[in-house]
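Read off the chains here:
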Amino acid sequence: MTDETPLEHERRQKVARWRSEGREPYPWNFPGRVASEVVRARASTLSSGDEAIGETARVAGRLRALRVHGRTAFADIDDLSGSLQLLLRADVLGEALYQSWISDLDSGDVVGAEGAPALSRRGEPSLVVRELQLLAKAIAPPPEKFHGLQDAEERLRRRYLDLLSSPETRQRFRVRSLLTRETRSFFEEAGFLEVETSVLVPLAGGAAAAPFVTHAKYLEQDVQLRIALELPLKRLIVGGLERVFELAKCFRNEDLDTTHSPEFTMLEAYWAYADYNDMQALTERLYQRLAARAAALLPEVPEAQESARAFAAGFSKVDFVDELERTSGITGLLEKSSAQLRDLARAAGSTVPDDSPPGVFLDKLFEHYVEPTLSRPTFVLDHPLSTTPLAKRHRRLAGRVERFEFFYRGYELGNAYSELTDPDEQERRFQEQLEARAEYRYAYDADFIRALRHGMPPTTGIGIGIDRMVMALTGTPSIKDVLLFPLVRST
RNA sequence: GGGCCCGUAGCUCAGUCGGUAGAGCAGGCGGCUCUUAACCGCAAGGUCAGGGGUUCGAAUCCCCUCGGGCCCGCCA
């Protein structure tokens, strides 16, 4: 390699030396190992300076630090359960073997060790090593051992370095995995069937967002990547599956920022014979359980503890229109013309196109005046009808739909309705969107209306942003830090 | 899309008013049998993101490009 650094050259020389001695620098396995925390726990029961004579344990992990004191050396290795100090001693390993290990080991190497648990004279849980095995030679050095990888760009582009140098990052992604598993269990226990619908669709509907477009060769047609799960899942309700959910990636061809990613994970659930009041109760239970779980997994993270307390106390409820009028000082919102709403939205700093439907202006006003104030768990209820083409009109309030969005820390975590099931009204609502702006034609799904004509039971549905859920419950301010490999420009 | 900020050794960071590019970690050599950001000594390591300009002289000032961050806008 012509672009290798002197440091890499040095390490390659060590690999060559290993091979020339008939030893394998990249072996196949390391059987019989236990987690380092097992050895730590055993060693902690000993007295300082004592070794568990006659006991043997095998551990493996990445070498983080090597402190050589002449004929004794201390090596710290990390595995997923934590870290452990290895004691390498010339009098145990033999002089020649000890010296060759000291000179061949580098930080970043993956090693396996066998030996006896011990507590060092200074009280550090350790393993007195009798046998050592190189499991993978690190040609490239790890990030700085104390500060870790600080460069924000490198942390995203080279997540493996972030993970191997940051226990916090490892823990954050473990918690993400456990929270999605918990979410699945919750819906399964509530009688929902997990399904998988298609990512590639002829027409991406169910939300207003720019889709990614690609090409299917066998159809000789362009296809799109889904922007929401809503329309296929409602078809399943028509088909009699009664309670379904999907937890999967959706794609929107838009910017990456603190709370948005073009590729994101969404949970949508549809529940026949129930309404949005039932869904509110389910949502409260879900978040109480998830927040408690996250708090238990992250005892050191104050935001996680705070979230558990906040969700345990239950959600506040505010009316969309009342709350917007109260915070903005505007009166008679529902009587305003589209032009009046547009001017109000302009005054609030929005630059959405003039020909947007009136619901868009209302949403902009809400985002500007109300959202930043919603720091504790809050249901926002009963949106104006023009904001929501897929929701059923309110059973009491004129000009409204039965909908709730819920917010925490000033951003939206989810969105739910009593679903619109009247096929003719659905067709009219799609039509109104279309007339307002031609670009919304992608939301017009004729086959979906045809499905509704066969009769869809009364149903409530919800969409939950999983990435934002993880952010909220782990105290992570940026969506990029809950995505393993956020899409970044290639260099 | 707009504004502000950042890019110096593999990593973490200094670099003053424009005057010979620095430290720590990692790596090399030497020393050290209880350290844990080990320590001590020696030597090595640079396309200062890239390109152009101003200047006797540019990491430093100006312009452009690339990459990133934050805020705003867009994302019914």
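Here we summarise the structure given alongside this text. A quick note: this is a predicted structure, and the numbers were derived from the prediction, not measured.

Section: the packing of helix α12 (residues 338-347) against helix α13 (residues 358-369)
Helix packing for two helices is described by the angle between their axes and how far apart those axes are.
(1) Moving on: Their axes nearest at 9 Å, the elements α12 and α13 cross at an angle of 30 degrees. The pairing of α12 with α13 is recorded here as roughly parallel in orientation. Pair α12 / α13 crosses with left-handed handedness. Here α12 contributes Ser 338, Leu 341, Arg 342, Leu 344 and Ala 345 to the contact with α13, which in turn contributes Pro 358, Phe 361, Leu 362, Lys 364 and Leu 365.
(2) Moving on: Of the residues that constitute the contact of α12 with α13, the class distribution is 7 nonpolar, 1 polar and 2 charged.

Description of the protein's contact with RNA strand B
(1) Moving on: Close to RNA strand B lie 54 residues; Arg 122, Lys 145, Glu 153, Ala 208 and Arg 489 are nearest.
(2) Moving on: Each atom of RNA strand B within 4 Å of the protein was classed as base or backbone; sugar and phosphate made up 60%.
(3) Moving on: Here Arg 67 contributes a side-chain N or O atom positioned 2.9 Å from a base oxygen of RNA strand B.
(4) Moving on: Here Arg 157 contributes a side-chain N or O atom positioned 2.9 Å from a sugar or linking oxygen of RNA strand B.
(5) Moving on: When its residues are assigned to classes, the surface near RNA strand B shows 17 nonpolar, 16 polar and 21 charged.

Some words on the sheet that holds strand β4 (residues 110-119)
(1) Moving on: Strands sit in the order β1-β2-β3-β5-β4 around a closed barrel of 5 strands; the barrel is mixed. Going across the sheet, the axis of each strand differs from the next one's by a mean of 50 degrees, ignoring polarity.
(2) Moving on: As defined by bridge partners, strand β1 (residues 57-69) adjoins strand β2 (residues 72-79) across 7 bridges and the pair is classed as antiparallel. Each residue of the ladder has a partner; that of Ala 65, found in β2, is Asp 76.

So, the nonpolar core
(1) Moving on: Judged by nonpolar contacts, the single largest core of 46 residues is most densely connected at Phe 187, Tyr 287, Phe 404 and Phe 406.
(2) Moving on: Ignoring any residue separated from it by four or fewer positions in sequence, one finds Phe 404 in contact with Tyr 276, Met 279, Gln 280, Thr 283, Phe 379, Val 380, Leu 381, His 383, Gly 414, Asn 415, Ala 416 and Ile 462.
(3) Moving on: Of all hydrophobic cores here, the second largest spans 26 residues; its members include Val 195, Ala 209, Ile 449 and Leu 452.

As for the packing of aromatic side chains
(1) Moving on: One pass over the structure, following the stated rule, counts 18 aromatic pairs.
(2) Moving on: Summarising the aromatic geometry, the rings of Phe 186 and Phe 187 are spaced 5.5 Å apart at their centres and angled 80 degrees between planes, so their arrangement reads as edge-to-face. For the pair formed by Phe 186 and Phe 187, the shared burial category is buried.
(3) Moving on: For the pair Phe 315 and Phe 379, a centre-to-centre distance of 4.2 Å together with 15 degrees between the ring planes defines the contact as stacked. Linking Phe 315 in the loop between α10 (302-312) and β12 (316-319) with Phe 379 in strand β13 (residues 378-381), this pair joins segments that are 64 residues apart in sequence.
(4) Moving on: Aromatic ring contacts, followed pair by pair, group Tyr 276, Tyr 287, Phe 311, Phe 315, Phe 379, Phe 404, Phe 406 and Tyr 408 into a single cluster.
(5) Moving on: A cation over a ring is seen here: Arg 23 above Trp 101, with NZ or CZ 6.0 Å from the ring centre.
(6) Moving on: The ring of Phe 30 carries Arg 58 above its face, with NZ or CZ at 4.1 Å from the centroid.

Calculation criteria
Each chain carries its own residue numbering, running from 1 in the direction its sequence is written. Each chain takes a letter, starting from A, and each ligand takes a number, starting from 1, following the order in which they are written. Given that this is a predicted model, residues contribute local features only at a pLDDT of at least 70 and side-chain atom pairs are listed and counted only at 80 or more, while totals for whole chains, interfaces and linings are drawn from all residues. Think of the side-chain values as coming from all heavy atoms in the structure, minus any hydrogens and water. A fitted line through C-alpha atoms represents every axis, and for helices the fit uses only the stretch in contact; the resulting angles, taken between N-to-C directions, go from 0 to 180 degrees. The way it works is that DSSP assigns letters per residue, a run of H or I at least four long becomes a helix, a run of E at least two long becomes a strand, and they are numbered from the N terminus. For this classification, under 35 degrees means roughly parallel, over 145 means roughly antiparallel, 65 to 115 means roughly perpendicular, and everything else is oblique. Crossings are sorted by hand: turned counterclockwise from the far helix by less than a right angle, the near helix makes the crossing left-handed, and turned clockwise it makes it right-handed. What makes two residues a contact is simply this: any of their non-hydrogen atoms within 4.5 Å. When residues are sorted by character, Ala, Val, Leu, Ile, Met, Phe, Trp, Tyr, Cys and Pro go into the nonpolar class, Asp, Glu, Lys and Arg into the charged class, and all the rest, Gly among them, into the polar class. Think of it this way: one heavy atom of a residue within 4 Å of a molecule or strand is enough to make that residue near it. Any N or O atom pair separated by 3.5 Å or less is treated as a polar contact, with the protein-specific requirement of one donor-capable and one acceptor-capable atom, and with residues adjacent in sequence counted only for side-chain atom pairs. We call two strands paired when DSSP finds no fewer than two bridges between them. We call a set of buried residues a nonpolar core when its members are Ala, Val, Leu, Ile, Met, Phe, Trp, Tyr or Cys and they connect through side-chain atoms within 4.5 Å of each other. Burial classification: accessible surface area is computed with a 1.4 Å probe over protein chains only, and a residue below 20% of its type maximum counts as buried, one above 50% as exposed, and the rest as partly exposed. In summary, the pairing rule links any two rings of Phe, Tyr or Trp, Trp by its six-membered ring, whose centres are within 6.5 Å, and it sorts them by plane angle into stacked for under 30 degrees, edge-to-face for over 60 and tilted for everything else. For a ring to carry a charge above it, either NZ of a lysine or CZ of an arginine must fall within 6 Å of the ring centroid while also lying within 35 degrees of the normal to the ring plane.

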